[in-house]
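One-letter residues, chain by chain:
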Amino acid sequence: MQLDSYLEIFTTMYGWAFANIFGEIITGTGLVVIPFMLIVFNAWREAKEQGSETVGVFGVIDRIGTQLIVALFVFSVCFATLPVTSLHSINLSYQPRPTATDPNPAPVTRDSGTGSTFDTAMVDAIDGSMSGAGGSLSNVPAWWFTVMSISAGANTALRAGINSSESEIRAIEELARIATIEDPALLHSVQRFYSECFKPAQSKYINIVKGHITASGQAIIASTNKDYGPNDVGWMGSQLFRTEPGFYADMRAANPVPGFPVNFARDGDYYNPSAGAPPPYEGYVNPDWGRPTCKEWWEDAAGVREAMIKQSDRWKNLSDKLALVFTDSDKAKDQLAMLAESLANPAFVDTTRALGVDNSLAQNVGGAVSTIGVFLTQLFSYVTINPLMNGLLMMQAIILMGMYMFLPLITFLSGYNLKVMLYGAVGVFTVKFWAILWSITLWMDAHLVDAMYPEGTFKLTELVRSTGNDYKLTLMAMLMMTMFIGLPLLWTGMMSWIGISMGNQLSHVLDNASSTASKAQKSSTGGR
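Residues numbered from 1 in each chain as written. Predicted model: local features only at pLDDT ≥ 70, side-chain atom pairs only at ≥ 80, totals over all residues. Heavy atoms only, no water.

### A closer look at the overall build of the protein
Moving on, step 1. When helices and strands are counted, the protein shows 20 helices and 3 strands.
Moving on, step 2. Put simply, the protein shows about 26,400 Å² of open surface, and 63% of that area lies on carbon and sulfur atoms. (Helix = DSSP H or I, 4+ residues; strand = E, 2+ residues; numbered from the N terminus. Areas by Shrake-Rupley, 256 points an atom, 1.4 Å probe, with all protein chains shown as cover.)

Structural data, given as structure tokens:
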């Protein structure tokens with residue numbers, strides 16, 4: 001039997017364990033006969049109220065017989081258990097949903113272990129050690145076992161009929177949200193580039209006469225430029241700073257940068273022995289590394305951007321997926337570098353102290369500010385697919401556990417009412433079907449997000465950090481909430497109509513049967 005989440009495997013076992021305990025209490029204490037006694041008493045009471053001459057002895061017997069047969073049927077299928085209907089006679093399984101980090105997950109089972117943390121924490125649900133009650137806690141009455149099997153089978157078949165391939169953009173979003181920068185050397189490089197290149201370039205841009213910017217530069221920062229625009233100068237990899245004369249191409253690192261060999265054509269302030277000039281002083285030795293231009297420092301293979309992109313396998317995976325969405329590889333790299341900058345959250349440090357011990361204080365303060373900023377951003381960010389989906393599936397598993405554990409009590413307290421048995425079946429099927437509605441929602445979301453962001457027209461930092469004023473993000477959040485919450489509510493409401501209609505029709509059939517029996521008895525009595 002295939003279920004819909006890791007947790008549901010265990011909550012199904014817990015639910016029926018509690019149900020068996022309640023069932024043992026009802027049958028072991030003799031309470032089980034009370035509904036049958038009430039059926040006989042109510043039939044006798046109704047006959048007395050209507051008058052024995054009107055109903056007749058045989059009418060009372062027929063009414064009692066009909067109600068007892070129905071109650072015995074409900075009791076037998078809702079309480080009696082068989083070895084074949086035990087949960088241990090089948091293997092509960094779950095097929096995890098493909099994710100960006102695991103696109104082809106293997107199915108997991110209760111008997112072989114799910115590989116999740118639930119295996120250890122909830123092992124007592126499987127071996128029955130959660131309770132000292134005697135007997136098996138995995139027994140399921142035939143009716144409820146049939147309802148569970150039909151519901152699980154319908155879910156599996158419907159899910160197999162949906163091509164639930166995830167949107168590449170959603171996969172990128174998922175990877176980007178869990179991305180972190182753990183390499184302190186990379187954080188230091190980002191901090192240095194921010195202080196030694198970006199802030200001086202940004203200051204120069206603020207003070208420059210805008211008319212002195214070239215025509216190509218004006219086009220980059222034009223408000224009509226959808227690829228860059230005025231906000232282009234707000235981050236380290238600014239296209240304007242990289243291409244406009246007087247900025248990155250003409251600026252150099254304030255101190256030597258590891259990975260960039262000394263180039264005397266560029267590093268004119270270094271001592272070049274081949275030039276014939278004497279060293280500045282006796283014993284002078286050049287630094288191990290050169291001082292690259294800011295453009296080289298950003299774009300070269302040993303530069304900051306490449307270090308951001310290739311810092312770990314997770315970032316490489318994210319880079320590969322971005323390359324599938326962006327036709328321009330340079331834009332794809334910029335998107336990832338922009339995300340890395342937002343995670344690093346660098347702060348300006350005086351270049352004369354950038355490599356000194358005092359830099360630790362600034363970086364600690366920057367890290368604290370980064371932590372607070374990320375917390376506030378996440379606090380007010382939009383609801384995202386994976387946390388919402390996982391939370392809803394866990395909620396569904398808990399609700400099903402509650403339904404299973406209360407089914408014996410509700411059936412007993414209803415007096416073995418046939419309508420309640422049908423209501424329970426409709427309820428279980430309705431809640432189980434929520435998982436299919438969420439699968440349909442994921443399918444719709446994949447198509448909608450691809451329609452709203454064709455060919456990489458999104459900004460990764462806005463998609464992940466929910467920054468900016470992109471109305472599409474707000475619209476997508478509203479659509480997700482409507483589909484994830486609204487569809488199950490609509491489905492549950494419609495199924496409640498069906499359940500009420502079934503109950504009314506069943507009552508009508510039983511009433512007609514009782515009325516026919518009474519009329520037949522009256523005719524028989526009148527003929528004598």
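### Some words on the pattern of salt bridges
Moving on, step 1. Applying the stated criterion across every chain yields a total of 19 salt bridges.
Moving on, step 2. When the shortest N-O distance is used, the salt bridge between aspartate 4 and lysine 432 registers 3.3 Å. Taken together, the positions of aspartate 4 in the loop between strand S1 (2-3) and helix H1 (6-28) and lysine 432 in helix H18 (residues 418-452) put the pair 428 residues apart, joining distant regions of the chain.
Moving on, step 3. On the basis of relative accessible area, aspartate 4 is assigned to the buried category, the value being 4%.
Moving on, step 4. Across the pair aspartate 227 and lysine 331 runs a salt bridge, and its minimum N-O distance is 2.9 Å. In this pair, aspartate 227 sits in the loop between helix H10 (215-220) and helix H11 (239-243) while lysine 331 sits in helix H15 (residues 329-344), placing the two residues 104 residues apart along the sequence.
Moving on, step 5. Overall, aspartate 227 belongs to the partly exposed group, its relative accessible area being 46%.
Moving on, step 6. Residue classification places lysine 331 among the partly exposed residues on the basis of a relative accessible area of 24%.
Moving on, step 7. It is possible to trace a salt-bridge network through shared partners that takes in Arg242, Lys295, Glu299, Arg305, Asp330 and Asp334. (Salt bridge = Lys/Arg side-chain N within 4 Å of Asp/Glu carboxyl O. Buried < 20%, exposed > 50% of the residue type's maximum accessible area, 1.4 Å probe, protein only.)

### Digging into the packing of helix H7 (residues 142-160) against H18
Moving on, step 1. Look at H7 against H18: their axes get within 9 Å of each other, and the N-to-C directions meet at 20°. In terms of orientation, H7 lies roughly parallel with respect to H18. The handedness of the crossing between H7 and H18 comes out as right-handed. Within the contact between the two elements, H7 uses Trp143, Trp144, Val147, Ser151, Ala152, Ala154, Asn155, Leu158 and Arg159 and H18 uses Met421, Leu422, Gly424, Ala425, Val428, Phe429, Lys432, Phe433, Ala435, Ile436 and Ser439.
Moving on, step 2. A per-class count over the contact of H7 with H18 returns 14 nonpolar, 4 polar and 2 charged. (Axes fitted to C-alpha atoms, helices over the stretch in contact; angles between N-to-C directions. Parallel < 35°, antiparallel > 145°, perpendicular 65-115°, else oblique. Left-handed = near helix turned anticlockwise from the far one by under 90°. Contact = heavy atoms within 4.5 Å. Nonpolar A, V, L, I, M, F, W, Y, C, P; charged D, E, K, R; others polar.)

### As for H18
Moving on, step 1. Here H18 contains 35 residues, and its C-alpha end-to-end distance of 50 Å stays within 8% of the 51 Å for a straight helix at 1.5 Å per residue.
Moving on, step 2. Taken as a whole, H18 carries its principal kink of about 25° at tryptophan 434.
Moving on, step 3. Its side-chain oxygen placed 2.8 Å from the backbone nitrogen of lysine 419, asparagine 417 serves as the N-cap of H18. (Expected span 1.5 Å × (residues − 1). Bend = angle between axes of the 7 residues up to and from the residue. Polar contact = N/O pair within 3.5 Å; in protein donor to acceptor, adjacent residues only side chain to side chain.)

### A short note on H1
Moving on, step 1. Compared with the 33 Å implied by 1.5 Å per residue over 23 residues, the 34 Å span of H1 between its first and last C-alpha is a close match.
Moving on, step 2. Looking one or two residues past H1, glycine 30 carries a phi angle of roughly 85°, positive in sign.

### Thoughts on the packing of aromatic side chains
Moving on, step 1. Throughout the structure, instances matching the rule amount to 23 aromatic pairs.
Moving on, step 2. Each ring, one from tryptophan 16 and one from tyrosine 404, has its centre 5.3 Å from the other, and the planes form 20°; the classification is stacked. One end of the pair, tryptophan 16, is in helix H1; the other, tyrosine 404, is in helix H17 (residues 385-413), and 388 residues separate them in sequence. For the pair tryptophan 16 and tyrosine 404, one class covers both residues: buried.
Moving on, step 3. Each residue in the set Phe193, Tyr194, Phe198, Tyr205, Trp235, Phe241, Phe247, Tyr248, Trp297 and Trp298 is aromatic and connected to the rest through ring pairs, giving one cluster.
Moving on, step 4. The ring of phenylalanine 247 carries lysine 204 above its face, with NZ or CZ at 5.3 Å from the centroid.
Moving on, step 5. A cation over a ring is seen here: lysine 210 above tyrosine 205, with NZ or CZ 4.8 Å from the ring centre. (Phe/Tyr/Trp six-rings, centres within 6.5 Å; stacked < 30°, edge-to-face > 60°. Lys NZ or Arg CZ within 6 Å of the ring centre and 35° of its normal.)

### Observations regarding the confidence of the model for the protein
A low pLDDT means the predicted coordinates there should not be read in detail.
Moving on, step 1. Summary statistics for the protein give a mean pLDDT of 80 and a share of 81% for residues scoring 70 or more.
Moving on, step 2. In the model, residues 353-382 has pLDDT below 50 throughout and makes 29 contacts with residues more than four positions away in sequence or in other chains. (pLDDT = per-residue confidence, 0-100.)

### Description of the nonpolar core
General note: in soluble globular proteins, nonpolar side chains tend to be found buried as a group.
Moving on, step 1. Ranked by size, the top nonpolar core spans 59 residues in total, and within it Trp16, Tyr416 and Phe484 carry the most contacts.
Moving on, step 2. Of all elements in the fold, only H1, helix H2 (34-50), helix H4 (57-79), H7, H17, H18 and helix H20 (471-526) reach the threshold of two or more residues within this core.
Moving on, step 3. Excluding residues within four positions of it along the chain, phenylalanine 484 makes contact with Ile385, Leu388, Met389, Leu392, Trp438, Thr441 and Leu442.
Moving on, step 4. With 53 residues, the next largest nonpolar core counts Ile172, Trp235, Phe247 and Leu460 among its residues. (Core = buried A, V, L, I, M, F, W, Y, C linked by side-chain atoms within 4.5 Å.)

### Let's talk about the state of the cysteines
Moving on, step 1. Under the definition given, this model contains 1 disulfide.
Moving on, step 2. Between the sulfur atoms of cysteine 197 and its disulfide mate cysteine 294 the distance is 2.0 Å. Across the S-S bond of cysteine 197 and cysteine 294 the torsion is about -85°, and the bridge reads as left-handed. Within this pair, whereas cysteine 197 is found in helix H9 (residues 184-207), its partner cysteine 294 is found in helix H12 (residues 294-299), the two being separated by 97 residues in sequence. Each member of the pair, cysteine 197 together with cysteine 294, is buried. (Disulfide = S-S within 2.5 Å.)

### Some details on the sheet that holds S1
Moving on, step 1. Here we have 3 strands laid out as an open sheet, ordered S1-S2-S3, and mixed in their pairing. Of all the strands in the sheet, the pair left with one neighbour each is S1 and strand S3 (108-109). (Pairing = 2+ DSSP bridges.)

### A word on a nonpolar patch on the surface
Moving on, step 1. A contiguous nonpolar surface patch, about 420 Å² in accessible area, is contributed by Leu31, Val33, Ile34, Met37 and Leu38.
Moving on, step 2. Mapped onto the elements of the fold, leucine 31 is located in the loop between H1 and H2. (Patch = residues over 30% accessible without salt bridge, like charges linked within 9 Å, V, L, I, M, F, W, Y side chains within 5 Å.)

### Digging into the packing of H1 against H17
Moving on, step 1. Axis separation between H1 and H17 bottoms out at 8 Å; the angle between their running directions is 15°. In terms of axis orientation, H1 runs roughly parallel to H17. Handedness of the crossing formed by H1 with H17: right-handed. Contact residues: H1 offers Leu7, Glu8, Thr11, Thr12, Tyr14, Gly15, Trp16, Phe18, Ala19, Phe22 and Ile26, while H17 offers Met394, Gln396, Ala397, Ile398, Leu400, Met401, Tyr404, Met405, Leu407, Pro408, Leu409 and Phe412.
Moving on, step 2. Looking at the contact of H1 with H17 residue by residue, the class counts come to 18 nonpolar, 4 polar and 1 charged.

### Quick notes on the side chain of arginine 242
Moving on, step 1. Residue placement: arginine 242 occurs in helix H11.
Moving on, step 2. Engagement of the side chain of arginine 242 in a polar contact is seen with the side chain of glutamate 299, the distance being 2.9 Å.
Moving on, step 3. Residues in contact with arginine 242, not counting those within four places in the same chain, are Gly237, Tyr248, Lys295, Trp298, Glu299, Arg305, Asp330 and Asp334.

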